[in-house]
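The primary structure of each chain is shown beneath.
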Amino acid sequence: MSGPKRIGIAGAGSIAFGTAALLADRGHDPMLWSPSGAGTAALDGAPLTATGAVEARFAPRIAGSAAQLAAENDVLLIALPAYGHKMVLDALAPHVRAGQHVIISSHASLGAVYLAQALAARGVAAPITAWGTTVVTGRRQDGAAVQVNTLRARVDSCTVPESETESALTLCRDLFGDRFQPRDGLLAISLSNLNPQNHMGIALGNITRMERGEVWSQGQNVTPKVGRLLEQLDLERLAIAEALGLEVKTIFEHFHLSFHVPVASISEMNQQMHARGNGGTGPATADSRYVTEDVPYGLHLTAVLGRLAGRTATLHEAGIAIFSAMYGRDFASENALLAALRLDRFTLEDLQRAARTGLLRAAPHPVS
Ligand SMILES: NC(=O)C1=CN([C@@H]2O[C@H](COP(=O)(O)OP(=O)(O)OC[C@H]3O[C@@H](n4cnc5c(N)ncnc54)[C@H](OP(=O)(O)O)[C@@H]3O)[C@@H](O)[C@H]2O)C=CC1
Ligand SMILES: CC(C)(CO)C(=O)C(=O)O
C-alpha cells in the first residue's frame, strides 16, 4: 500500500456511504458530496456508521460543491444512480485536474466517454476507470447509518485511455483491495453490469408488491420462474458479448462472486442468499431505480448493442416496451448520456474504438 489517499465521492446514498466506510476502514480519507445537500445532512453532528460486511464509525469530510470535491482530493469516485450522472459529470468536468483519476461505480451508458470528451474539450487528459458494478452492496438506514450487505470478491473494471490500465489497477487495489478483474474496454464493462437484466426480471415478477409498497424479500422472490427469466436474459447478454469478441462473466459467476453462494440455478442461489440473510429487500415503491435507472440506462444500451452486433436482445427489448407501457413513459428516450453523445451518428467500429480511447469520433471515410 502506498499511503493514505484522499477520495472525493460524488453521491451520498447507500453506495457512497458503504464505499466511504470501506475506504476509511482501509486507512484512506473519504469526502462526500451530496448534490442537493440532503444526503449529507444527517452527518452534521453524527458519525457515519456502517454495519454488516464493513464495520466502521467515522466522520467523513463533506464537500459543499463539485469544485471543492475535485480540488481537495487525489481521486474522484462517482457513486449515484445513472440518472444523476450527466448532471454530476457536468458539474465536475470543469474542475478535474490533468491526471486526476476518476472512477465510475457503477458505470452506465458510456458515461466514461461523456466525461473524457468533456475533459478533452478543456484540453485535460485524466484516466477514467469504469466498474461494471460496485465493490459493496447495501442500503442507507435512518440517520447517518448504512447497512453493508456484501463486499464483492470480483469487480469488472476497465480504464480509458487503455494505456492507463496498469496504473489504474494498482490504484484500485491500493484503495479497495485485490478484487478487480480487468476487462477489454467500455463495451465489455457495459455488458458486465447485470443489474439491468436482473432487476428487470425481479421488478416484472414483483411489480404489484412494489406498487403497493410492501416489504418483501428480494432473494426469496427470485422464484423458479423469475430465476429462469433471469437466466434467459443472461443468454442474450452473453450472445452479444460473444458476437463482439468480449469476455464477460455469467449470471452464475455474478451471484457466486458477489454473494458467496455455491453455483446452482439462479432461483436456488437466491434462496440460499435469503436463507443466509443477504438476499436483500426488494423495492417498496414502483418509483425505484430498478426501473427508472436500469431500463433507460441499462436495458436500452444492451438493446442498442444487440442490434449493432446482429444479436437482437428480444427479451431486453420487450422489457423496455413493457415497462414503458406500465409507467406511461418512453424510457429509451430518457437516457441523457446517450442522447448527449448522439450515439445514432456512430458505427459499431466507432464505439469499439471509443471503448478503449474514451473518445467517440466517426472514422474518416476512406478516400476512393
Ligand atoms: N445499493 C446497492 O446495493 C447497489 C447499487 N448499485 C448501483 O450503484 C449506484 C448508486 O446506488 P445507491 O447508492 O444505492 O443509490 P441511492 O439512491 O442511495 O443514491 C442516492 C444519491 O444519489 C443522488 N442522486 C439521486 N438522484 C440524483 C439526480 N437526479 N441527480 C443528482 N444526484 C442524484 C442523491 O443525491 P442527494 O444527496 O442530493 O439526495 C444521493 O446522493 C447506482 O447506479 C446503483 O444502481 C449497484 C449494485 C448494488
Ligand atoms: C440488491 C442488489 C445487490 C441486487 O439486486 C443490487 O444490485 C441493488 O441494490 O442494486
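Numbering of residues starts from 1 in every chain and runs along the sequence as written. Labels are handed out in written order, letters beginning with A for the chains and numbers beginning with 1 for the ligands. In keeping with the model being predicted, local features are shown solely for residues with a pLDDT of at least 70 and side-chain atom pairs are shown and tallied solely at 80 or more, while totals for entire chains, interfaces and linings include all residues.

- As annotated in an unreviewed UniProt entry, the protein chain is 2-dehydropantoate 2-reductase from Cribrihabitans marinus.
- UniProt positions are given in the numbering used here, feature names are shortened, and annotations may be inferred rather than shown by experiment. What UniProt records for the protein chain under Catalytic activity (unreviewed entry) is the sentence "(R)-pantoate + NADP(+) = 2-dehydropantoate + NADPH + H(+)".

### Here we look at the UniProt feature "domain: Opine dehydrogenase" (unreviewed entry) in the protein chain
1) Next: In the numbering used here, UniProt assigns the "domain: Opine dehydrogenase" (unreviewed entry) feature to residues 183–326.
2) Next: Strand forms 0% of residues 183–326 and helix 65%; the C-alpha atoms that close the span are 35 Å apart. We count a stretch as a helix when DSSP gives it H or I for four or more residues in a row; a strand needs E for two or more, and each element gets its number in order from the N terminus.

### Side note on the UniProt feature "domain: Ketopantoate reductase N-terminal" (unreviewed entry) in the protein chain
1) Next: Mapped onto this structure's residue numbering, the UniProt feature "domain: Ketopantoate reductase N-terminal" (unreviewed entry) falls at residues 7–104.
2) Next: The annotated region residues 7–104 carries 27% helix and 28% strand content, and the separation between its end C-alpha atoms amounts to 13 Å.

### Focus on helix α3 (residues 85–92)
1) Next: Three exposure classes are used, all based on how many other C-beta atoms lie within 10 Å of a residue's own C-beta (placed from the backbone): buried at 20 or more, exposed at 12 or fewer, and partly exposed between those limits. Within the span of α3, buried status applies to H85, V88, L89 and L92. Across the axial projection of α3, the buried residues extend over an arc of 100 degrees, all falling on one side. The arc in question is the one traced by the directions running from the helix axis out to the C-beta atoms.

### Here we look at the confidence of the model for the protein chain
1) Next: For the protein chain, per-residue confidence averages 97 on the pLDDT scale, and residues scoring 70 or more make up 99% of the total.
2) Next: Interface scoring of the predicted complex returns ipTM 0.99; its pTM is 0.97. You can read pLDDT as the predictor saying how much it trusts each residue, on a scale of 0 to 100.

### Structural notes on the sheet that holds strand β5 (residues 61–62)
1) Next: Two strands make a pair as long as DSSP finds a minimum of two bridges between them. A sheet is described by the order of its strands in space; here eight strands give the open sequence β5-β2-β1-β6-β7-β8-β11-β12, paired in mixed fashion. Lying at the two open borders of the sheet, with one neighbouring strand each, are β5 and β12 (180–182).
2) Next: Set on the sheet, helix α1 (residues 14–25) makes contact with β1 (6–10), β2 (29–33) and β6 (75–78); between it and β2 the angle comes to about 165 degrees.
3) Next: Relative to strand β8 (residues 128–131), helix α4 (residues 111–121) is tilted by about 170 degrees, and along the sheet it contacts β7 (101–104), β8 and β11 (155–160). What counts as a contact here is a pair of residues whose C-beta atoms, placed from the backbone, lie within 7 Å. To obtain an axis, a line is fitted to C-alpha atoms, over the contacting stretch when the element is a helix, and the angle between two such axes runs from 0 to 180 degrees between their N-to-C directions.

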